[in-house]
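Residue-level structural notes
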Amino acid sequence: MPRGWFLCLDGVDGAGKSTQCRLLAEWLRGQGRDVVPCHDPGGTELGKQLREILLHHRGVMALTTEALLFMASRAQLVAEVICPALDAGKIVLADRFLLANVVYQGHAGGLDPAALWQVGAFGIDGVEPDLTLILDLPPEVSLARRKPSADRLESRGDAYFANVRAGFLAEAARRPDRLRVIDATPAVDIVQERIRQEVMKSIQAQG
Ligand code: ADP
Ligand code: MG
């Protein structure tokens, strides 16, 4: 059975994930590879409904509920999209994955990061990205890049975003085999070039 390759781009809001995912998918397709892009949360009908609740719910939402809604959306994405694509030998390119849960609800939110990895592992059934590239940006630069109409999750304070950044960097230091930090401050094409280099290295290392 061929097994595809699973790549994830993550990082603070406004870091350039959507931009870079699109360019990377184009480049990989240009090399004749079959690419399945997806967005976490979202990416399935059920996931889109859960994402709506996560971004726009007006009432009270406990942080554990928030974390578990992300997990539920991801479980559906893995079952419906990611597993079938990997089984068919394709490259899955995810805009965020479990790491974001660990960082946002854990490092920045106050839940236990280790517990989030554990609950998250149940949700993804062993399907982990082979490589996650963390697009890193100082808060003031990401703030300038973000749209003014922040949703429920984006409208949190400055200290929260500083903790998000620190959380990403702490996780990257803990798992250098699978997590790499990319400086996202340079121009789009320079960041893209660095991403491509990391991707090539990782695909080649896998054989
Ligand atoms: P994310 O998906 O991580 O939130 P986006 O790709 O949507 O980030 O980018 C956020 C905004 O910043 C967009 O307007 C995008 O055009 C711009 N942008 C992305 N990368 C760069 C970059 N390297 N330099 C300057 N602006 C950028
Ligand atoms: Mg985006």
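Just so we're clear, the structure is a prediction, and the values are computed from it rather than from any experiment. (Residues numbered from 1 in each chain as written. Chains lettered and ligands numbered in written order. Predicted model: local features only at pLDDT ≥ 70, side-chain atom pairs only at ≥ 80, totals over all residues. Heavy atoms only, no water.)

Let's talk about the site of ligand 1
If you check the shell around ligand 1, you find 13 residues, and the closest are Gly 14, Lys 17, Ser 18, Thr 19 and Pro 186. Within the contact set of ligand 1, an oxygen atom lies 2.5 Å away from a side-chain nitrogen or oxygen of Thr 19. Within the contact set of ligand 1, a nitrogen atom lies 2.8 Å away from a backbone nitrogen or oxygen of Pro 186. Within the complex, 65% of the 560 Å² of free accessible area of ligand 1 lies under protein. By residue class, the composition of the shell around ligand 1 is six nonpolar, four polar and three charged. (Near = heavy atom within 4 Å. Polar contact = N/O pair within 3.5 Å; in protein donor to acceptor, adjacent residues only side chain to side chain. Areas by Shrake-Rupley, 256 points an atom, 1.4 Å probe, with all protein chains shown as cover. Nonpolar A, V, L, I, M, F, W, Y, C, P; charged D, E, K, R; others polar.)

Observations regarding the nonpolar core
Counting 56 residues, the largest nonpolar core has Leu 7, Ile 82, Ile 195 and Val 199 as its most contacted members. The biggest single contributor to this core is helix α3 (residues 63–87), with eight residues. The residues touching Val 199, leaving out its near neighbours within four places in the chain, are Trp 5, Leu 7, Leu 24, Trp 27, Leu 28, Leu 131 and Leu 133. Leu 50, Leu 54, Met 61 and Leu 69 belong to the second largest nonpolar core, which has five residues in total. (Core = buried A, V, L, I, M, F, W, Y, C linked by side-chain atoms within 4.5 Å. Buried < 20%, exposed > 50% of the residue type's maximum accessible area, 1.4 Å probe, protein only. Helix = DSSP H or I, 4+ residues; strand = E, 2+ residues; numbered from the N terminus. Contact = heavy atoms within 4.5 Å.)

A word on unusual backbone geometry
Cis geometry is adopted by the peptide bond preceding Pro 41, which originates at Asp 40 and carries an omega value of 5°. By the secondary structure assignment, Pro 41 is in the loop between β2 (35–39) and α2 (45–56). Despite not being glycine, Arg 96 has its phi angle at roughly 75°, a positive value. As for its position among the elements, Arg 96 is in the loop between β3 (91–95) and α4 (98–108). One non-glycine residue with positive phi stands out, namely Asp 125, at about 55°. Residue position: Asp 125 is located in the loop between α5 (113–124) and β4 (131–136). Overall, Asp 125 belongs to the exposed group, its relative accessible area being 65%.

Quick notes on the packing of aromatic side chains
Applying the stated criterion across every chain yields a total of four aromatic pairs. Look at Phe 6 and Phe 97: their rings are 5.0 Å apart centre to centre, the planes differ by 85°, and that puts the pair in the edge-to-face class. Residue Phe 6 is located in strand β1 (residues 5–11), and its partner Phe 97 is located in the loop between β3 and α4; the two are separated by 91 residues in the primary sequence. Judged by relative accessible area, which is 2%, Phe 97 ranks as buried. An angle of 85° between the planes, with centres 5.7 Å apart, marks the rings of Tyr 160 and Phe 161 as edge-to-face. When sorted by exposure, Tyr 160 lands in the same class as Phe 161, which is buried. In textbook terms, an aromatic cluster arises when at least three aromatic residues are bridged by ring pairs, as seen for Tyr 104, Tyr 160, Phe 161 and Phe 168. (Phe/Tyr/Trp six-rings, centres within 6.5 Å; stacked < 30°, edge-to-face > 60°.)

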